Amino acid sequence: MRPTNRNTIRFAIVYLLAFIFLFASLFPIIWIIEGSLKTPDQNRAIPPTWIFQPTLEAYKGIAPGLLKYFSNSLIVSSASVVLSLMIGLPAAYALARFNFKQSRSLTIWILSTKMAPGFAFVVPFYLIMRALNLLDTLIALTLVYLTFDLAFVVWIMQGFVEEIPVEIEEAAMLDGCTRLDVLRRITIPLVLPGVIVTATLGFVASWNEFLFAYVLTREAAVTIQPMIASRVSFYKIDWEQMCAYSTVAMLPVMVLSLSVRKYLTRGLTLGALKG
Amino acid sequence: MADGSSYLRTKAAYFFILPAVVTLVLIVIYPTLFAINASLRNWILYRPELSTQFIGLDNYITIFLSEEFWNSLRVTLIFATLSTGLTLIVGLAEALVINEIPRGKGIMSSLVILPLMISPVVVAFGWRFMYHEATGLVTAYLLPLIGVNVTTILGDPNWAILGVIAADVWNQTPLVFLILLAGLTSLPQEPFEAARVDGASSIQIFQHLTLPMLRSVILIALILRTIDSFKVFDLVWVMTSGGPGTATMTLVIAGYEKAFIAYRMGAASAYGIVILYAILALASFYIRLLVGRRK
(Lines give C-alpha, C1' and ligand atoms only; values in the text may rest on other atoms or scores of the structure.)
Protein backbone atom coordinates (compact mmCIF):
# COMPACT_ATOMS: atom_id res chain seq x y z
CA MET A 1 0.00 0.00 0.00
CA ARG A 2 1.33 3.44 -0.86
CA PRO A 3 1.92 5.74 2.14
CA THR A 4 -0.69 8.28 0.91
CA ASN A 5 -3.32 5.55 0.78
CA ARG A 6 -2.42 4.40 4.23
CA ASN A 7 -2.74 7.95 5.51
CA THR A 8 -6.16 8.32 3.91
CA ILE A 9 -7.43 5.20 5.62
CA ARG A 10 -5.86 6.27 8.91
CA PHE A 11 -7.53 9.67 8.76
CA ALA A 12 -10.85 8.13 7.77
CA ILE A 13 -10.73 5.93 10.89
CA VAL A 14 -9.66 8.83 13.11
CA TYR A 15 -12.50 11.02 11.86
CA LEU A 16 -15.01 8.21 12.19
CA LEU A 17 -14.01 7.65 15.83
CA ALA A 18 -13.98 11.39 16.50
CA PHE A 19 -17.51 11.69 15.15
CA ILE A 20 -18.66 8.82 17.35
CA PHE A 21 -17.34 10.74 20.38
CA LEU A 22 -18.97 13.92 19.08
CA PHE A 23 -22.30 12.14 18.63
CA ALA A 24 -22.17 10.58 22.10
CA SER A 25 -21.33 13.96 23.64
CA LEU A 26 -24.07 15.91 21.92
CA PHE A 27 -26.84 13.34 21.63
CA PRO A 28 -28.40 13.68 25.11
CA ILE A 29 -28.40 17.47 24.70
CA ILE A 30 -30.14 17.24 21.33
CA TRP A 31 -32.56 14.65 22.73
CA ILE A 32 -33.65 17.04 25.49
CA ILE A 33 -34.08 19.95 23.07
CA GLU A 34 -36.05 17.72 20.68
CA GLY A 35 -38.17 16.52 23.57
CA SER A 36 -39.15 20.11 24.29
CA LEU A 37 -40.39 20.53 20.72
CA LYS A 38 -42.40 17.30 20.49
CA THR A 39 -45.95 16.45 21.42
CA PRO A 40 -46.53 14.01 24.32
CA ASP A 41 -47.36 11.24 21.83
CA GLN A 42 -44.18 11.80 19.86
CA ASN A 43 -42.14 11.72 23.09
CA ARG A 44 -43.65 8.38 24.09
CA ALA A 45 -43.36 6.66 20.72
CA ILE A 46 -41.25 3.51 20.47
CA PRO A 47 -39.37 3.31 18.15
CA PRO A 48 -38.59 6.99 18.69
CA THR A 49 -39.77 9.72 16.36
CA TRP A 50 -36.78 11.18 14.56
CA ILE A 51 -38.53 13.49 12.13
CA PHE A 52 -41.41 15.60 13.37
CA GLN A 53 -43.19 18.92 13.12
CA PRO A 54 -41.85 21.02 16.03
CA THR A 55 -44.38 22.56 18.41
CA LEU A 56 -43.87 25.33 20.96
CA GLU A 57 -46.70 24.09 23.23
CA ALA A 58 -44.30 23.18 26.08
CA TYR A 59 -42.69 26.63 26.02
CA LYS A 60 -46.11 28.29 26.08
CA GLY A 61 -46.89 26.16 29.11
CA ILE A 62 -43.78 27.16 31.09
CA ALA A 63 -43.60 30.83 30.03
CA PRO A 64 -45.70 32.23 32.89
CA GLY A 65 -43.53 32.24 36.00
CA LEU A 66 -40.33 31.33 34.22
CA LEU A 67 -39.04 34.90 34.36
CA LYS A 68 -38.69 34.83 38.17
CA TYR A 69 -36.42 31.77 38.24
CA PHE A 70 -34.47 32.91 35.22
CA SER A 71 -33.81 36.41 36.55
CA ASN A 72 -32.95 35.08 40.03
CA SER A 73 -30.32 32.83 38.48
CA LEU A 74 -29.06 35.66 36.31
CA ILE A 75 -28.78 38.13 39.20
CA VAL A 76 -27.07 35.74 41.60
CA SER A 77 -24.62 34.40 39.00
CA SER A 78 -23.66 37.84 37.68
CA ALA A 79 -23.37 39.41 41.11
CA SER A 80 -21.19 36.64 42.50
CA VAL A 81 -18.92 36.75 39.44
CA VAL A 82 -18.52 40.54 39.55
CA LEU A 83 -17.83 40.50 43.29
CA SER A 84 -15.35 37.66 43.07
CA LEU A 85 -13.48 39.39 40.21
CA MET A 86 -13.32 42.65 42.16
CA ILE A 87 -11.94 40.92 45.25
CA GLY A 88 -10.02 38.14 43.52
CA LEU A 89 -8.14 39.89 40.71
CA PRO A 90 -5.89 42.03 42.95
CA ALA A 91 -5.15 38.98 45.10
CA ALA A 92 -4.31 36.86 42.06
CA TYR A 93 -2.01 39.58 40.78
CA ALA A 94 -0.22 39.89 44.10
CA LEU A 95 0.21 36.12 44.49
CA ALA A 96 1.64 35.91 40.97
CA ARG A 97 3.95 38.91 41.20
CA PHE A 98 5.14 39.48 44.74
CA ASN A 99 7.31 37.06 46.58
CA PHE A 100 6.34 37.20 50.18
CA LYS A 101 6.57 34.77 53.01
CA GLN A 102 2.97 33.57 53.17
CA SER A 103 2.27 33.47 49.44
CA ARG A 104 2.81 29.73 49.20
CA SER A 105 0.58 28.85 52.15
CA LEU A 106 -2.04 31.29 50.85
CA THR A 107 -2.02 29.59 47.46
CA ILE A 108 -2.45 26.21 49.12
CA TRP A 109 -5.25 27.54 51.32
CA ILE A 110 -7.10 28.97 48.33
CA LEU A 111 -6.67 25.74 46.39
CA SER A 112 -8.03 23.72 49.32
CA THR A 113 -11.04 26.02 49.46
CA LYS A 114 -11.63 25.36 45.78
CA MET A 115 -11.63 21.60 46.43
CA ALA A 116 -13.65 21.61 49.64
CA PRO A 117 -17.06 19.90 49.47
CA GLY A 118 -20.05 22.27 49.40
CA PHE A 119 -21.84 20.01 51.85
CA ALA A 120 -19.40 20.91 54.65
CA PHE A 121 -20.58 24.51 54.33
CA VAL A 122 -24.24 24.08 53.59
CA VAL A 123 -25.28 23.23 57.17
CA PRO A 124 -23.43 26.15 58.83
CA PHE A 125 -24.58 28.55 56.10
CA TYR A 126 -28.17 27.41 56.58
CA LEU A 127 -27.94 28.03 60.33
CA ILE A 128 -26.10 31.35 59.92
CA MET A 129 -28.49 32.70 57.27
CA ARG A 130 -31.43 31.52 59.35
CA ALA A 131 -30.11 33.45 62.35
CA LEU A 132 -29.51 36.53 60.18
CA ASN A 133 -32.98 36.25 58.65
CA LEU A 134 -31.42 35.94 55.21
CA LEU A 135 -32.95 32.62 54.16
CA ASP A 136 -34.66 32.84 50.77
CA THR A 137 -32.78 35.99 49.70
CA LEU A 138 -30.59 36.58 46.68
CA ILE A 139 -28.00 38.28 48.91
CA ALA A 140 -27.43 35.09 50.90
CA LEU A 141 -26.99 33.03 47.76
CA THR A 142 -24.59 35.55 46.20
CA LEU A 143 -22.41 35.62 49.33
CA VAL A 144 -22.35 31.84 49.58
CA TYR A 145 -21.38 31.49 45.92
CA LEU A 146 -18.29 33.56 46.66
CA THR A 147 -16.88 30.52 48.50
CA PHE A 148 -16.20 28.74 45.25
CA ASP A 149 -16.18 31.66 42.78
CA LEU A 150 -13.57 33.66 44.66
CA ALA A 151 -11.18 30.77 45.19
CA PHE A 152 -11.62 29.88 41.54
CA VAL A 153 -10.87 33.44 40.34
CA VAL A 154 -7.73 33.75 42.46
CA TRP A 155 -6.42 30.34 41.47
CA ILE A 156 -6.99 30.59 37.75
CA MET A 157 -6.09 34.29 37.30
CA GLN A 158 -2.84 33.73 39.14
CA GLY A 159 -1.96 31.37 36.29
CA PHE A 160 -2.90 33.88 33.63
CA VAL A 161 -0.83 36.66 35.26
CA GLU A 162 2.17 34.35 35.61
CA GLU A 163 2.10 33.78 31.86
CA ILE A 164 2.81 37.47 31.18
CA PRO A 165 6.57 38.04 31.25
CA VAL A 166 7.41 40.21 34.23
CA GLU A 167 10.02 41.99 32.05
CA ILE A 168 7.27 43.87 30.20
CA GLU A 169 6.06 45.37 33.47
CA GLU A 170 9.60 46.10 34.62
CA ALA A 171 10.43 47.92 31.40
CA ALA A 172 7.36 50.14 31.75
CA MET A 173 8.25 50.92 35.34
CA LEU A 174 11.80 51.85 34.33
CA ASP A 175 10.22 54.25 31.82
CA GLY A 176 8.61 56.00 34.75
CA CYS A 177 5.16 54.38 34.91
CA THR A 178 3.70 53.83 38.35
CA ARG A 179 2.48 50.37 39.25
CA LEU A 180 -1.10 51.49 38.72
CA ASP A 181 -0.23 52.76 35.22
CA VAL A 182 1.40 49.43 34.46
CA LEU A 183 -1.68 47.59 35.66
CA ARG A 184 -4.06 49.75 33.67
CA ARG A 185 -2.16 49.99 30.41
CA ILE A 186 -0.28 46.71 30.23
CA THR A 187 -1.28 43.97 32.63
CA ILE A 188 -5.06 44.27 32.49
CA PRO A 189 -5.30 44.38 28.67
CA LEU A 190 -2.97 41.38 28.48
CA VAL A 191 -4.92 39.26 30.96
CA LEU A 192 -8.30 40.27 29.51
CA PRO A 193 -8.86 36.91 27.75
CA GLY A 194 -8.16 35.26 31.09
CA VAL A 195 -10.66 37.52 32.83
CA ILE A 196 -13.29 36.71 30.21
CA VAL A 197 -12.86 32.97 30.52
CA THR A 198 -12.71 33.16 34.32
CA ALA A 199 -15.90 35.21 34.39
CA THR A 200 -17.56 32.71 32.06
CA LEU A 201 -16.57 29.68 34.12
CA GLY A 202 -17.54 31.40 37.37
CA PHE A 203 -20.89 32.34 35.90
CA VAL A 204 -21.48 28.79 34.68
CA ALA A 205 -20.56 27.34 38.09
CA SER A 206 -23.04 29.65 39.86
CA TRP A 207 -25.72 29.18 37.23
CA ASN A 208 -25.44 25.41 37.59
CA GLU A 209 -25.15 25.34 41.40
CA PHE A 210 -27.83 23.28 43.09
CA LEU A 211 -27.15 22.30 46.71
CA PHE A 212 -26.96 25.79 48.26
CA ALA A 213 -29.78 27.11 46.10
CA TYR A 214 -31.96 24.15 47.13
CA VAL A 215 -31.28 24.56 50.84
CA LEU A 216 -31.18 28.35 51.18
CA THR A 217 -34.24 29.30 49.11
CA ARG A 218 -37.96 28.64 49.53
CA GLU A 219 -40.04 30.88 47.32
CA ALA A 220 -38.84 34.38 46.41
CA ALA A 221 -35.19 33.55 45.68
CA VAL A 222 -35.60 30.14 44.01
CA THR A 223 -33.24 29.82 41.05
CA ILE A 224 -33.57 27.72 37.94
CA GLN A 225 -31.75 24.55 39.13
CA PRO A 226 -33.76 23.88 42.33
CA MET A 227 -36.90 24.77 40.39
CA ILE A 228 -36.13 22.05 37.83
CA ALA A 229 -35.09 19.57 40.52
CA SER A 230 -38.28 20.01 42.50
CA ARG A 231 -40.34 19.37 39.40
CA VAL A 232 -38.41 16.23 38.44
CA SER A 233 -39.30 14.68 41.76
CA PHE A 234 -43.04 15.04 41.12
CA TYR A 235 -44.83 11.74 40.92
CA LYS A 236 -46.03 12.45 37.42
CA ILE A 237 -43.50 14.25 35.25
CA ASP A 238 -44.58 16.46 32.37
CA TRP A 239 -41.73 15.45 30.07
CA GLU A 240 -42.35 18.12 27.42
CA GLN A 241 -42.35 20.98 29.91
CA MET A 242 -39.38 19.51 31.79
CA CYS A 243 -37.43 19.32 28.52
CA ALA A 244 -38.36 22.94 27.86
CA TYR A 245 -37.20 24.03 31.34
CA SER A 246 -33.95 22.11 30.86
CA THR A 247 -33.40 23.69 27.46
CA VAL A 248 -33.89 27.14 28.94
CA ALA A 249 -31.38 26.25 31.69
CA MET A 250 -28.79 24.86 29.24
CA LEU A 251 -28.95 27.43 26.47
CA PRO A 252 -27.30 30.45 28.15
CA VAL A 253 -24.44 28.26 29.35
CA MET A 254 -23.88 26.66 25.95
CA VAL A 255 -24.07 29.97 24.08
CA LEU A 256 -21.59 31.49 26.55
CA SER A 257 -19.17 28.57 26.30
CA LEU A 258 -19.25 28.50 22.54
CA SER A 259 -18.80 32.26 22.24
CA VAL A 260 -15.61 32.20 24.31
CA ARG A 261 -14.58 28.81 22.98
CA LYS A 262 -11.13 30.01 21.88
CA TYR A 263 -10.16 30.63 25.52
CA LEU A 264 -12.44 28.18 27.27
CA THR A 265 -10.38 25.02 26.82
CA ARG A 266 -7.29 26.89 27.98
CA GLY A 267 -9.07 28.26 31.02
CA LEU A 268 -10.42 24.86 32.02
CA THR A 269 -7.07 23.16 31.50
CA LEU A 270 -5.22 25.86 33.39
CA GLY A 271 -7.67 25.49 36.26
CA ALA A 272 -6.84 21.81 36.62
CA LEU A 273 -3.21 21.63 35.59
CA LYS A 274 -1.65 24.93 36.52
CA GLY A 275 1.61 24.33 38.29
CA MET B 1 11.18 45.18 39.10
CA ALA B 2 12.39 48.77 39.42
CA ASP B 3 13.74 47.57 42.68
CA GLY B 4 11.68 49.33 45.29
CA SER B 5 12.59 48.19 48.76
CA SER B 6 11.20 44.75 49.55
CA TYR B 7 9.31 46.42 52.42
CA LEU B 8 7.28 48.52 49.98
CA ARG B 9 6.63 45.57 47.75
CA THR B 10 5.38 43.50 50.62
CA LYS B 11 3.12 46.28 51.81
CA ALA B 12 1.57 46.63 48.36
CA ALA B 13 1.04 42.88 48.25
CA TYR B 14 -0.88 42.87 51.52
CA PHE B 15 -3.01 45.73 50.26
CA PHE B 16 -3.90 43.68 47.15
CA ILE B 17 -4.54 40.48 49.05
CA LEU B 18 -6.33 41.74 52.12
CA PRO B 19 -9.88 41.93 50.65
CA ALA B 20 -9.68 38.32 49.43
CA VAL B 21 -8.29 37.06 52.74
CA VAL B 22 -10.93 38.89 54.78
CA THR B 23 -13.71 37.56 52.54
CA LEU B 24 -12.40 34.02 52.71
CA VAL B 25 -12.11 34.19 56.48
CA LEU B 26 -15.72 35.32 56.70
CA ILE B 27 -17.21 32.84 54.24
CA VAL B 28 -14.88 29.84 54.63
CA ILE B 29 -13.11 29.87 58.00
CA TYR B 30 -16.04 31.16 60.03
CA PRO B 31 -18.56 28.61 58.66
CA THR B 32 -15.99 25.83 59.17
CA LEU B 33 -15.50 26.79 62.83
CA PHE B 34 -19.27 27.15 63.15
CA ALA B 35 -19.70 23.62 61.79
CA ILE B 36 -17.05 22.16 64.09
CA ASN B 37 -18.78 23.81 67.06
CA ALA B 38 -22.20 22.59 65.91
CA SER B 39 -20.86 19.06 65.40
CA LEU B 40 -20.13 18.86 69.13
CA ARG B 41 -23.73 19.65 70.07
CA ASN B 42 -27.07 17.96 70.17
CA TRP B 43 -28.70 20.51 67.88
CA ILE B 44 -32.13 19.46 66.68
CA LEU B 45 -34.02 22.24 64.93
CA TYR B 46 -37.54 21.19 65.88
CA ARG B 47 -36.60 20.62 69.51
CA PRO B 48 -35.43 24.04 70.68
CA GLU B 49 -35.89 23.02 74.33
CA LEU B 50 -32.68 20.97 74.06
CA SER B 51 -30.97 24.30 73.30
CA THR B 52 -27.92 22.99 71.49
CA GLN B 53 -26.50 21.12 74.43
CA PHE B 54 -22.76 20.29 74.30
CA ILE B 55 -22.23 16.54 73.91
CA GLY B 56 -18.54 16.25 72.98
CA LEU B 57 -17.71 13.72 70.31
CA ASP B 58 -21.00 11.82 70.56
CA ASN B 59 -22.12 12.80 67.05
CA TYR B 60 -18.88 11.47 65.56
CA ILE B 61 -19.07 8.26 67.57
CA THR B 62 -22.67 7.74 66.46
CA ILE B 63 -21.64 8.23 62.83
CA PHE B 64 -18.80 5.72 62.98
CA LEU B 65 -20.99 3.19 64.78
CA SER B 66 -23.91 3.54 62.37
CA GLU B 67 -24.51 1.09 59.59
CA GLU B 68 -25.83 3.97 57.51
CA PHE B 69 -22.41 5.62 57.42
CA TRP B 70 -20.56 2.50 56.35
CA ASN B 71 -23.17 1.74 53.72
CA SER B 72 -22.94 5.24 52.29
CA LEU B 73 -19.15 5.03 52.34
CA ARG B 74 -19.38 1.76 50.42
CA VAL B 75 -21.77 3.29 47.88
CA THR B 76 -19.52 6.33 47.51
CA LEU B 77 -16.46 4.13 46.99
CA ILE B 78 -18.24 2.07 44.31
CA PHE B 79 -19.46 5.25 42.62
CA ALA B 80 -16.04 6.92 42.83
CA THR B 81 -14.11 3.90 41.58
CA LEU B 82 -16.36 3.13 38.62
CA SER B 83 -17.03 6.72 37.64
CA THR B 84 -13.38 7.77 37.92
CA GLY B 85 -12.16 4.66 36.12
CA LEU B 86 -14.63 4.96 33.27
CA THR B 87 -14.12 8.72 32.75
CA LEU B 88 -10.37 8.10 32.64
CA ILE B 89 -10.65 5.33 30.05
CA VAL B 90 -13.17 7.16 27.86
CA GLY B 91 -11.42 10.50 28.28
CA LEU B 92 -8.06 9.00 27.36
CA ALA B 93 -9.50 7.35 24.25
CA GLU B 94 -11.23 10.58 23.30
CA ALA B 95 -8.05 12.65 23.77
CA LEU B 96 -5.96 10.17 21.76
CA VAL B 97 -8.45 10.22 18.87
CA ILE B 98 -9.05 13.96 18.78
CA ASN B 99 -5.33 14.68 19.09
CA GLU B 100 -4.84 12.78 15.81
CA ILE B 101 -7.31 14.89 13.84
CA PRO B 102 -5.41 16.87 11.23
CA ARG B 103 -8.06 19.61 10.90
CA GLY B 104 -10.86 20.87 13.13
CA LYS B 105 -9.28 19.88 16.45
CA GLY B 106 -10.31 23.18 18.05
CA ILE B 107 -13.97 23.10 17.11
CA MET B 108 -14.19 19.38 17.89
CA SER B 109 -12.79 19.97 21.38
CA SER B 110 -15.18 22.85 22.05
CA LEU B 111 -18.13 20.66 21.09
CA VAL B 112 -17.21 17.49 22.99
CA ILE B 113 -16.68 19.47 26.22
CA LEU B 114 -20.24 20.81 26.19
CA PRO B 115 -21.56 18.09 28.57
CA LEU B 116 -19.22 19.50 31.24
CA MET B 117 -20.99 22.87 31.01
CA ILE B 118 -24.42 21.42 31.70
CA SER B 119 -25.69 21.36 35.26
CA PRO B 120 -25.90 17.98 37.01
CA VAL B 121 -29.59 18.74 37.66
CA VAL B 122 -30.32 18.95 33.92
CA VAL B 123 -28.08 15.94 33.25
CA ALA B 124 -30.01 13.99 35.87
CA PHE B 125 -33.32 14.96 34.32
CA GLY B 126 -32.12 14.15 30.78
CA TRP B 127 -31.00 10.67 31.80
CA ARG B 128 -34.16 10.02 33.75
CA PHE B 129 -36.01 10.97 30.59
CA MET B 130 -34.01 8.37 28.65
CA TYR B 131 -34.36 5.77 31.44
CA HIS B 132 -38.13 6.12 31.69
CA GLU B 133 -39.67 2.66 32.15
CA ALA B 134 -42.10 2.25 29.29
CA THR B 135 -41.09 4.98 26.88
CA GLY B 136 -37.47 6.00 27.60
CA LEU B 137 -34.97 5.82 24.77
CA VAL B 138 -32.48 3.67 26.70
CA THR B 139 -34.83 1.31 28.55
CA ALA B 140 -37.51 0.85 25.91
CA TYR B 141 -35.44 1.09 22.72
CA LEU B 142 -31.62 0.93 22.89
CA LEU B 143 -31.21 -1.83 25.49
CA PRO B 144 -33.82 -4.16 23.91
CA LEU B 145 -32.10 -3.50 20.56
CA ILE B 146 -28.91 -5.12 21.92
CA GLY B 147 -30.91 -7.84 23.64
CA VAL B 148 -30.88 -6.51 27.23
CA ASN B 149 -34.31 -6.36 28.80
CA VAL B 150 -34.69 -4.38 31.97
CA THR B 151 -38.03 -3.00 33.04
CA THR B 152 -36.53 -0.30 35.21
CA ILE B 153 -33.02 1.05 35.72
CA LEU B 154 -33.35 3.59 38.52
CA GLY B 155 -35.98 1.49 40.33
CA ASP B 156 -33.76 -1.57 40.56
CA PRO B 157 -31.25 -1.66 43.47
CA ASN B 158 -28.57 -3.30 41.33
CA TRP B 159 -29.01 -1.22 38.20
CA ALA B 160 -29.63 2.16 39.83
CA ILE B 161 -26.02 2.85 40.75
CA LEU B 162 -24.89 1.92 37.24
CA GLY B 163 -27.53 4.17 35.74
CA VAL B 164 -26.32 7.09 37.85
CA ILE B 165 -22.69 6.34 37.03
CA ALA B 166 -23.42 6.35 33.29
CA ALA B 167 -24.91 9.83 33.56
CA ASP B 168 -21.95 11.04 35.61
CA VAL B 169 -19.45 9.59 33.13
CA TRP B 170 -21.20 11.41 30.29
CA ASN B 171 -21.17 14.65 32.31
CA GLN B 172 -17.57 14.50 33.58
CA THR B 173 -15.52 12.80 30.85
CA PRO B 174 -14.77 16.16 29.15
CA LEU B 175 -12.68 17.25 32.15
CA VAL B 176 -10.42 14.21 31.82
CA PHE B 177 -10.37 14.69 28.05
CA LEU B 178 -9.16 18.30 28.41
CA ILE B 179 -6.46 17.46 30.95
CA LEU B 180 -5.14 14.54 28.90
CA LEU B 181 -5.34 16.45 25.60
CA ALA B 182 -3.23 19.21 27.17
CA GLY B 183 -0.80 16.52 28.30
CA LEU B 184 -0.66 14.96 24.84
CA THR B 185 -0.09 18.26 23.02
CA SER B 186 2.78 19.14 25.33
CA LEU B 187 4.67 15.89 24.67
CA PRO B 188 7.96 16.27 22.76
CA GLN B 189 7.76 14.96 19.18
CA GLU B 190 11.28 13.50 18.77
CA PRO B 191 10.89 10.22 20.69
CA PHE B 192 7.75 9.41 18.67
CA GLU B 193 9.43 10.10 15.36
CA ALA B 194 12.44 8.03 16.39
CA ALA B 195 10.20 5.13 17.44
CA ARG B 196 8.34 5.25 14.14
CA VAL B 197 11.61 5.26 12.18
CA ASP B 198 12.65 2.20 14.18
CA GLY B 199 9.43 0.52 13.06
CA ALA B 200 7.56 0.44 16.37
CA SER B 201 3.85 -0.35 16.08
CA SER B 202 1.17 2.08 17.26
CA ILE B 203 0.40 -0.18 20.21
CA GLN B 204 4.05 -0.36 21.22
CA ILE B 205 4.35 3.43 20.96
CA PHE B 206 1.24 3.88 23.09
CA GLN B 207 2.38 1.38 25.71
CA HIS B 208 6.03 2.35 25.98
CA LEU B 209 6.01 6.06 25.12
CA THR B 210 2.62 7.78 25.38
CA LEU B 211 1.37 6.18 28.60
CA PRO B 212 4.58 6.57 30.65
CA MET B 213 5.02 10.16 29.48
CA LEU B 214 1.42 11.01 30.40
CA ARG B 215 1.77 9.49 33.86
CA SER B 216 1.75 12.72 35.83
CA VAL B 217 -1.26 14.24 34.05
CA ILE B 218 -3.17 10.97 34.32
CA LEU B 219 -2.46 11.01 38.04
CA ILE B 220 -3.80 14.57 38.32
CA ALA B 221 -6.96 13.66 36.41
CA LEU B 222 -7.38 10.58 38.61
CA ILE B 223 -7.18 12.54 41.87
CA LEU B 224 -9.40 15.38 40.62
CA ARG B 225 -12.07 12.94 39.49
CA THR B 226 -11.86 10.97 42.75
CA ILE B 227 -12.35 14.16 44.76
CA ASP B 228 -15.28 15.21 42.55
CA SER B 229 -17.00 11.85 42.83
CA PHE B 230 -16.64 11.87 46.62
CA LYS B 231 -18.54 15.16 46.60
CA VAL B 232 -21.34 13.96 44.33
CA PHE B 233 -24.80 15.10 45.35
CA ASP B 234 -26.91 16.94 42.75
CA LEU B 235 -26.88 14.23 40.12
CA VAL B 236 -27.73 11.36 42.47
CA TRP B 237 -30.28 13.37 44.43
CA VAL B 238 -32.28 14.31 41.35
CA MET B 239 -32.01 10.86 39.77
CA THR B 240 -32.74 8.59 42.74
CA SER B 241 -32.65 10.58 46.04
CA GLY B 242 -30.38 7.82 47.30
CA GLY B 243 -32.79 5.00 46.50
CA PRO B 244 -34.16 2.52 45.83
CA GLY B 245 -33.73 1.76 49.54
CA THR B 246 -30.18 2.87 50.19
CA ALA B 247 -28.72 1.57 46.92
CA THR B 248 -27.41 4.97 45.79
CA MET B 249 -27.12 6.64 49.19
CA THR B 250 -23.78 8.44 48.93
CA LEU B 251 -22.01 10.13 51.86
CA VAL B 252 -23.31 13.58 50.99
CA ILE B 253 -26.87 12.33 50.57
CA ALA B 254 -26.70 10.63 53.97
CA GLY B 255 -25.47 13.90 55.47
CA TYR B 256 -28.10 15.89 53.63
CA GLU B 257 -30.87 13.71 55.01
CA LYS B 258 -29.52 14.17 58.54
CA ALA B 259 -29.65 17.94 58.04
CA PHE B 260 -32.71 18.72 56.00
CA ILE B 261 -35.01 15.77 56.48
CA ALA B 262 -34.24 14.88 60.12
CA TYR B 263 -33.15 18.44 61.02
CA ARG B 264 -30.40 17.06 63.27
CA MET B 265 -27.95 19.89 62.71
CA GLY B 266 -25.30 18.61 65.11
CA ALA B 267 -25.15 15.17 63.53
CA ALA B 268 -25.24 16.68 60.04
CA SER B 269 -22.38 19.05 60.86
CA ALA B 270 -20.34 16.09 62.04
CA TYR B 271 -21.04 14.40 58.68
CA GLY B 272 -19.89 17.59 56.95
CA ILE B 273 -16.64 17.72 58.89
CA VAL B 274 -15.92 14.03 58.23
CA ILE B 275 -16.49 14.55 54.49
CA LEU B 276 -14.43 17.75 54.54
CA TYR B 277 -11.44 15.99 56.09
CA ALA B 278 -11.71 13.02 53.75
CA ILE B 279 -11.66 15.39 50.76
CA LEU B 280 -8.86 17.55 52.12
CA ALA B 281 -6.76 14.42 52.62
CA LEU B 282 -7.30 13.53 48.95
CA ALA B 283 -6.76 17.15 47.92
CA SER B 284 -3.40 17.34 49.68
CA PHE B 285 -2.06 14.71 47.26
CA TYR B 286 -3.28 16.78 44.35
CA ILE B 287 -1.87 20.01 45.78
CA ARG B 288 1.49 18.39 46.41
CA LEU B 289 1.56 17.23 42.79
CA LEU B 290 0.72 20.70 41.46
CA VAL B 291 3.08 22.58 43.73
CA GLY B 292 5.75 20.07 42.78
CA ARG B 293 5.19 20.81 39.09
CA ARG B 294 5.34 24.55 39.65
CA LYS B 295 8.80 25.74 40.79
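Anything mentioned here points back to the structure above.
First things first, this report covers the structure right here in the doc. Quantities reported herein were computed from a predicted structural model and do not represent experimental measurements. (Residues numbered from 1 in each chain as written. Chains lettered and ligands numbered in written order. Predicted model: local features only at pLDDT ≥ 70, side-chain atom pairs only at ≥ 80, totals over all residues.)

1. Some words on the overall build of chain A
Right, on to step 1. The helix and strand tally for chain A stands at 12 helices and 0 strands.
Right, on to step 2. Mapped from its N terminus to its C terminus, chain A presents α and β elements in the order α-α-α-α-α-α-α-α-α-α-α-α.
Right, on to step 3. For 275 residues, the compact-globule estimate of 2.2 N^0.38 gives 19 Å, and chain A exceeds it by more than 25% at 23 Å.
Right, on to step 4. Across its three principal directions, the C-alpha atoms of chain A cover 75 × 70 × 30 Å.
Right, on to step 5. Within chain A, buried positions represent 45% of all 275 residues.
Right, on to step 6. In chain A, once contacts between residues fewer than 6 apart in sequence are set aside, the share between residues at least 24 apart is 81%. (Helix = DSSP H or I, 4+ residues; strand = E, 2+ residues; numbered from the N terminus. Rg over C-alpha atoms; globule rule 2.2 N^0.38 Å. Buried ≥ 20, exposed ≤ 12 C-beta atoms within 10 Å, placed from the backbone. Contact = placed C-beta atoms within 7 Å.)

2. A closer look at helix H11 (residues 239-259) of chain A
Right, on to step 1. Taking 1.5 Å per residue, 21 residues should reach 30 Å; H11(A) reaches 29 Å between its end C-alpha atoms and fits that length.
Right, on to step 2. Where H11(A) bends most, at A:Met250, the angle is about 30°, and the proline A:Pro252 comes one to four residues later. (Expected span 1.5 Å × (residues − 1). Bend = angle between axes of the 7 residues up to and from the residue.)

3. Comments concerning the packing of helix H4 (residues 103-115) of chain A against helix H6 (residues 138-162) of chain A
Residue and element names in this part refer to chain A.
Right, on to step 1. One way to put it is that H4 packs onto H6 with a least axis distance of 8 Å and a crossing angle of 135°. Classed by the angle they form, the pair H4 and H6 counts as oblique. H4 and H6 meet at a crossing whose hand is left-handed. For the pair H4 and H6, the contacting residues are Ile110, Leu111, Thr113 and Lys114 in the first and Thr147, Phe148, Ala151, Phe152, Val154 and Trp155 in the second.
Right, on to step 2. Broken down by class, the residue content of the contact of H4 with H6 amounts to 7 nonpolar, 2 polar and 1 charged. (Axes fitted to C-alpha atoms, helices over the stretch in contact; angles between N-to-C directions. Parallel < 35°, antiparallel > 145°, perpendicular 65-115°, else oblique. Left-handed = near helix turned anticlockwise from the far one by under 90°. Nonpolar A, V, L, I, M, F, W, Y, C, P; charged D, E, K, R; others polar.)

4. Focus: the interface of chain A and chain B
A common measure of how large an interface is: the accessible area buried when the components associate.
Right, on to step 1. In this assembly, 78 residues from chain A lie in contact with 80 residues from chain B.
Right, on to step 2. Ranked by residues supplied to the side of chain A that touches chain B, first place goes to helix H1 (residues 3-37) of chain A with 14 residues.
Right, on to step 3. The residue makeup of the side of chain A that touches chain B, split by class, is 60 nonpolar, 13 polar and 5 charged.

5. With respect to the packing of helix H3 (residues 67-99) of chain B against helix H8 (residues 157-185) of chain B
Residues and elements named next belong to chain B.
Right, on to step 1. Between H3 and H8, the least distance of the axes is 6 Å, while the angle of their chain directions is 45°. Accordingly, the angle class assigned to the pair H3 and H8 is oblique. Between H3 and H8 the crossing geometry is right-handed.
Right, on to step 2. Partitioning the contact of H3 with H8 into residue classes produces 18 nonpolar, 7 polar and 2 charged.

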